Amino acid sequence: MSVKSVHARQIFDSRGNPTVEVEVTTAKGVFRADVPSGASTGIHEALELRDKVQTEYLGKGVLKAVENVVKIIGPALVESGLNVVDQRAIDNFLLELDGTPNKSKLGANAILGVSIAVAKAGATEKNVPLFVHFADLAGSKKPFVLPVPSFNVINGGSHAGNKLAMQEFMIMPTGASSFTEAMKIGSEVYHTLKGVIKAKYGQDATNVGDEGGFAPNIQDNAEGLELLVTAIEKAGYTGKVKIAMDCAASEFYVDGKYDLDFKNPNSDPEKRITGQELSELYKSFSEKYPVVSIEDAFDQDDWENWSHLLENSSYQLVGDDLTVTNPKRIATAIEKKACNALLLKVNQIGTITESIQAALDSQAAGWGVMVSHRSGETEDTTIADLVVGLRTGQIKTGAPCRSERLAKLNQLLRIEEQLGDQAIYAGENFRKAHEL
């Protein structure tokens, strides 16, 4: 079944910034996809096309990307007659139409919108749920695996107005018996944490950041970890809930060193630390707290410190800005032994096919794969189906708060209910879920 028409419009993401929405129409119906957008973006990501007209939407309009879908991609795709079930053929067609290495001609946001909408059309054409279609495209084995959610409950870095340098402090209910129980645990710890923060820092410290986590005005990263441990214990889940961090260290990398006071315009250059000293800090965290995963521990091009940390640690070391879901960057990271897990963000690379390939390459190297939202999200739930279809066993999509985050988590509850005993929960095996 081929595409009958393609439409696009400018909508708004969870931060109130413009983003792209695409609708692909086939004989079976209209299939809609919304494109997310990140705040801390790696310099190696595919290009998100913005209008840059400062007098409109503060330069963040996406009308050019929308126009590229309506005037260039749409007509070409309709004329091609390609079958929506053949995701690879359509994605390759889109890549050829763009013709640049980083999708800068048509925009990764334009291309991704079409790619996701086509995937939804393909699933309906086959009369299967989207996660089954993704599993078919990836050649995944059965049973299906429900992921451990990594809830971002304390926000820092570029996502929050506090002094905290490290961007995300997350809880992972690895000791749950199902995704449904993981949601129960996550929700209870989140609300307990709110009480802990309110008692210690006051009511205004419980305002939430872009991803639904709290942003208390603390500066010491260990204090963030301490709050998590207190909340986990108070909620009665010690041992069942582990901690993950996203340091987003590229954000505080200055002249070859790391500035943990980077949000202070008058920060003291003398207090900046070396990659080696930052490694020691991570070591102290992992010895004192139940930290099982650290993401973007160093700058996106600080390969030497990445490799050193991987060699001297046992927790999951996730590449995000380092790898940007890009097969070439992933291959380099595998070769340099820089990390042992991929953060999979579909909008970093720009098509479903390339996203699936990035996951398969990583899994083949023995890595873990964590599927991820972006800080600027929409109500689109594609990544929930993707994480199940690819059997990656772990997803981060914010706190159990804010509807654009819950949209994905609620979709996973539906999928678990639909699958019943045909699915297993990744639990403690989240790093090797594809082998279960």
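Residues numbered from 1 in each chain as written. Predicted model: local features only at pLDDT ≥ 70, side-chain atom pairs only at ≥ 80, totals over all residues. Heavy atoms only, no water.

> Mind showing me how you'd approach unusual backbone geometry here?
What is expected of a backbone is that most residues other than glycine have negative phi and most peptide bonds are trans. The peptide bond linking Lys 142 to Pro 143 adopts the cis configuration, its omega dihedral lying at 0 degrees. Positive phi, close to 55 degrees, is recorded for Arg 391, a residue that is not glycine. Looking at the secondary structure, you find Arg 391 in the loop between α12 (382-389) and β15 (394-396). (Helix = DSSP H or I, 4+ residues; strand = E, 2+ residues; numbered from the N terminus.)

> Help me out: how do you make sense of the packing of helix α2 (residues 87-98) against helix α11 (residues 352-364) in this one?
Axis angle and axis distance: for two packed helices, these are the angle between their axes and the distance between the axes, and together they describe the pair. Look at α2 against α11: their axes get within 8 Å of each other, and the N-to-C directions meet at 110 degrees. Here α2 lies roughly perpendicular to α11, going by the angle between them. Where α2 abuts α11, its residues Gln 87, Arg 88, Asp 91 and Leu 95 lie against Ile 352, Thr 353, Glu 354 and Gln 357. (Axes fitted to C-alpha atoms, helices over the stretch in contact; angles between N-to-C directions. Parallel < 35°, antiparallel > 145°, perpendicular 65-115°, else oblique. Contact = heavy atoms within 4.5 Å.)

> Help me understand the pairing of strand β6 (residues 151-155), please; the structure alone is not making it clear to me.
Note on strand geometry: in a regular strand, side chains alternate between the two faces of the sheet. Extensive coverage of β6 is indicated by the burial of five of its five residues. Here β6 runs beside strand β7 (residues 168-172); their pairing, made up of four bridges, is antiparallel. The partner of Phe 151 across the bridge, within β7, is Ile 171. (Buried < 20%, exposed > 50% of the residue type's maximum accessible area, 1.4 Å probe, protein only. Pairing = 2+ DSSP bridges.)

> Before we go on, may I ask you to explain the packing of aromatic side chains in this structure?
The description of an aromatic ring pair rests on the distance of the ring centres and on the angle between the ring planes. A complete count under the given rule lists nine aromatic pairs for this structure. Ring geometry for Phe 252 and Phe 262: centres 6.0 Å apart, planes at 35 degrees, overall tilted. Here the residue Phe 252 occupies a position in the loop between β8 (242-246) and β9 (253-254), and Phe 262 occupies one in the loop between β10 (257-258) and α7 (275-288), the gap between them amounting to 10 residues. Residue class for Phe 252 comes out buried when judged on its relative accessible area of 0%. Of the residues examined, Phe 262 reaches a relative accessible area of 23% and is grouped as partly exposed. (Phe/Tyr/Trp six-rings, centres within 6.5 Å; stacked < 30°, edge-to-face > 60°.)

> Help me understand the sheet that holds β8 in this model?
Each strand in a sheet pairs with its neighbour through backbone hydrogen bonds, running either in the same direction (parallel) or in the opposite one (antiparallel). Reading across from one edge, β5-β15-β14-β13-β12-β11-β8-β7-β6 is the order of the nine strands in this open sheet, with mixed pairing throughout. Of all strands in the sheet, those bounded by a partner on one side alone are β5 (148-149) and β6. Summarising the sheet, β7 and β8 pair through five bridges and their orientation is antiparallel. Bridge pairing in β8 places Glu 168 opposite Asp 246.

> Mind showing me how you'd approach the pairing of β8 here?
In terms of residue burial, β8 counts as a mostly covered element, since five of its five residues are buried. Residues Lys 242, Ala 244 and Asp 246 of β8 are buried on one face, and the alternating residues Ile 243 and Met 245, pointing to the opposite face, are buried as well. With four bridges joining them, β8 and strand β11 (residues 291-295) adopt parallel strand pairing. Among the inter-strand pairings, Ile 243 is bridged to a residue of β11, identified as Val 291.

> When you look at the environment of Pro 18 in this model, what are you seeing that I'm missing?
The residue Pro 18 is located in strand β2 (residues 18-26) in this model. Along the primary structure Pro 18 and Tyr 57 are separated by 39 residues, whereas in three dimensions their C-alpha atoms are 7.5 Å apart.

> What is the right way to read the pattern of salt bridges from this model?
Side-chain pairs of opposite charge can arise where the charged atoms are in close proximity. In the structure shown here, the tally under the stated rule is 25 salt bridges. Between Arg 15 and Asp 210 there is a salt bridge whose closest N-O contact spans 2.8 Å. Residue Arg 15 is found in the loop between β1 (5-12) and β2, and its partner Asp 210 is found in the loop between α5 (179-201) and α6 (221-235); the two are separated by 195 residues along the sequence. The exposure class of Arg 15 is partly exposed, given its relative accessible area of 26%. For Asp 210, a relative accessible area of 19% corresponds to the buried category. Glu 287 is paired through a salt bridge with Lys 283; the nearest N and O atoms lie 3.8 Å apart. Here Glu 287 and its partner Lys 283 are both found in helix α7, four residues apart, which amounts to about one turn of the helix. A single network of salt bridges, built from pairs that share partners, joins Arg 9, Glu 21, Glu 23 and Arg 32. (Salt bridge = Lys/Arg side-chain N within 4 Å of Asp/Glu carboxyl O.)

> How should the side chain of Asp 320 be read in this particular structure?
Relative to the helices and strands, Asp 320 resides in the loop between β12 (316-319) and α9 (327-335). What makes Asp 320 buried here is its relative accessible area of 2%.

> Explanation requested: the nonpolar core in the structure shown.
Within soluble globular proteins, side chains that are nonpolar generally end up buried alongside one another. Ranked by internal contacts, the top residues of the largest apolar core, which has 134 residues, are Val 22, Met 166, Leu 193, Tyr 282, Leu 317, Leu 344 and Val 388. The element contributing the most residues to this core is helix α3 (residues 108-126), with 10 residues. (Core = buried A, V, L, I, M, F, W, Y, C linked by side-chain atoms within 4.5 Å.)

> Is there a simple way to think about the sheet that holds strand β3 (residues 29-34) in this case?
What the three strands build is an open sheet, ordered β1-β2-β3; its pairing is antiparallel. Two strands close off the open sheet at either side, each with one partner strand: β1 and β3. With direction set aside, neighbouring strand axes in the sheet form an average angle of 20 degrees. When β2 meets β3, the two strands line up antiparallel, connected through six bridges. The residue of β3 that forms the bridge with Val 24 is Phe 31. Relative to β1, helix α1 (residues 63-80) is tilted by about 165 degrees, and along the sheet it contacts β1 and β2.

> Mind showing me how you'd approach the state of the cysteines here?
By definition, a disulfide links the sulfur atoms of two cysteine residues through a covalent bond. Counted by the stated rule, this structure contains zero disulfides. Not engaged in a disulfide, the cysteine Cys 339 finds its nearest cysteine sulfur in Cys 247; these two sulfurs lie 14 Å apart. (Disulfide = S-S within 2.5 Å.)

> For this particular structure, what's the right way to read a nonpolar patch on the surface?
On the surface, a nonpolar cluster with roughly 300 Å² of combined accessible area is contributed by Phe 12, Tyr 57 and Leu 63. The exposure class of Leu 63 is partly exposed, given its relative accessible area of 42%. (Patch = residues over 30% accessible without salt bridge, like charges linked within 9 Å, V, L, I, M, F, W, Y side chains within 5 Å. Areas by Shrake-Rupley, 256 points an atom, 1.4 Å probe, with all protein chains shown as cover.)

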